[in-house]
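Per-entry structural report
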Amino acid sequence: TFAALIINTVALIVVICQTRIAKKALTITKQSIDEAKTQRQLELLPKFTWVIEVQVKLEHWKKELEKKKEILQRGVKGKNDELFKQASDTRIKSPKDISLNRVLYDNMPLWLRTLWISGAQYFYDAIAPLSYVYKDEKPNYEYAHSWINERCNDSICAITKLLEYLEDMVPSVILNT
């Protein structure tokens, strides 16, 4: 019985040691898994340059539409044919004229790519038919009015909404450098 007591005590000590070793191993494994998870999450984050590029493009498109809208509004208000001609003068004749960077497109995350392409589509939908406000050396006041109230305003609102998604992605300290 005394030998059984010693054998049981030794077995109990071995089990306690195994439990402590297993606990340490589980703690280390959990820490390793957490670090790997954090690493994967960091790798999936977009690079600041991608977000900045998309944000700058969206802001540029929005400003260009606002500028064209302002010119047309002055042209309609003042019945100024020259302003119509100026507003209709755009280098965008087809979607490829927007000139999106293929390498940037291929490397950015899907959600950011979708924002970028959506902004480009809204911009193109508004800017492409702008040539019809001054066609055959004559201003089209009716089309200009509908363009301002429909296509332009809708596109500006949509691009503004897309910019809201990117609003807090890049700290202003980085944007202002």
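Above this text sits the structure in question.
A brief look at the structure comes next. Keep in mind that what you see is a predicted model, and the values were worked out from it rather than measured.

Looking now at the overall build of the protein. When helices and strands are counted, the protein shows seven helices and two strands. Secondary structure elements of the protein, listed N to C terminal, follow the sequence α-α-α-α-α-β-β-α-α. Look at the contacts in the protein between residues 6 or more apart in sequence, and 77% of them connect residues 24 or more apart. By element, 58% of the accessible surface of the protein is carried by carbon and sulfur atoms, the whole surface being about 12300 Å².

Following the sequence through the fold, I52 ends up in helix α2 (residues 48-78). Placed 117 residues apart in sequence, I52 and M169 show a C-alpha to C-alpha distance of 8.9 Å.

Let's shift gears to the pattern of salt bridges. For the structure shown, the criterion picks out four salt bridges. Between R74 and E70 there is a salt bridge, and its shortest N-O distance comes to 3.0 Å. Of this pair, R74 and E70 are both found in helix α2, four residues apart, which corresponds to roughly one turn of the helix. You can call R74 partly exposed: its relative accessible area is 41%. One salt bridge in this structure joins R102 and D106, with 3.3 Å as the shortest N-O distance. Of this pair, R102 and D106 both sit in helix α4 (residues 102-107), four residues apart, which is roughly one turn of that helix. Residue R102 is classed as exposed on the basis of its relative accessible area of 58%.

Under the 1.5 Å per step criterion, the end-to-end length of helix α6 (residues 141-166) is 36 Å for 26 residues, consistent within 8% with the ideal 38 Å. Regarding α6, the residues found buried are A144, W147, I148, C152, S155, I156, A158, I159, L162, L163 and L166. Against the buried residues of α6 lie α2, α3 (81-88) and α5 (110-127).

To continue, consider the packing of α5 against α6. Running from amino to carboxyl end, α5 crosses α6 at an angle of 165°, the nearest separation of the two axes being 9 Å. Relative to α6, the element α5 lies roughly antiparallel. The chirality of how α5 crosses α6 is left-handed. On the side of α5, the interface is formed by W111, L112, L115, S118, G119, Y122, F123, D125 and A126, while α6 contributes W147, R151, C152, S155, A158, I159, L162, Y165 and L166.

How each quantity is defined
- As a convention, each chain's residues are numbered from 1 in the sequence order in which they are written.
- With pLDDT at 70 or above as the cut-off, local features in this predicted model cover only qualifying residues; side-chain atom pairs require 80 or more to be listed or tallied, and sums for whole chains, interfaces and linings still use all residues.
- Side-chain figures throughout are based on the complete set of non-hydrogen atoms in the structure, without hydrogens or water.
- Comment: elements are numbered from the N terminus, with helices defined as DSSP H or I runs of at least four residues and strands as E runs of at least two.
- The contact rule is simple, with two residues in contact once any of their heavy atoms fall within 4.5 Å.
- With residues, only the protein chains shown are counted as cover, and all accessible areas are computed by Shrake-Rupley using a 1.4 Å probe.
- The term salt bridge refers to a side-chain nitrogen of Lys or Arg lying within 4 Å of a carboxyl oxygen of Asp or Glu.
- When accessible area is computed with a 1.4 Å probe and restricted to protein chains, residues below 20% of their type maximum are described as buried, those above 50% as exposed, and intermediate ones as partly exposed.
- Expected helix span is computed as 1.5 Å times (number of residues minus one).
- Only the stretch in contact is used when fitting a helix axis, every axis being a line fitted to C-alpha atoms; angles between N-to-C directions are given from 0 to 180 degrees.
- The cut-offs work like this: below 35 degrees is roughly parallel, past 145 is roughly antiparallel, 65 to 115 is roughly perpendicular, and the gaps in between are oblique.
- When the near helix sits turned anticlockwise from the far one by under a right angle, the crossing is termed left-handed; a clockwise turn instead gives a right-handed crossing.

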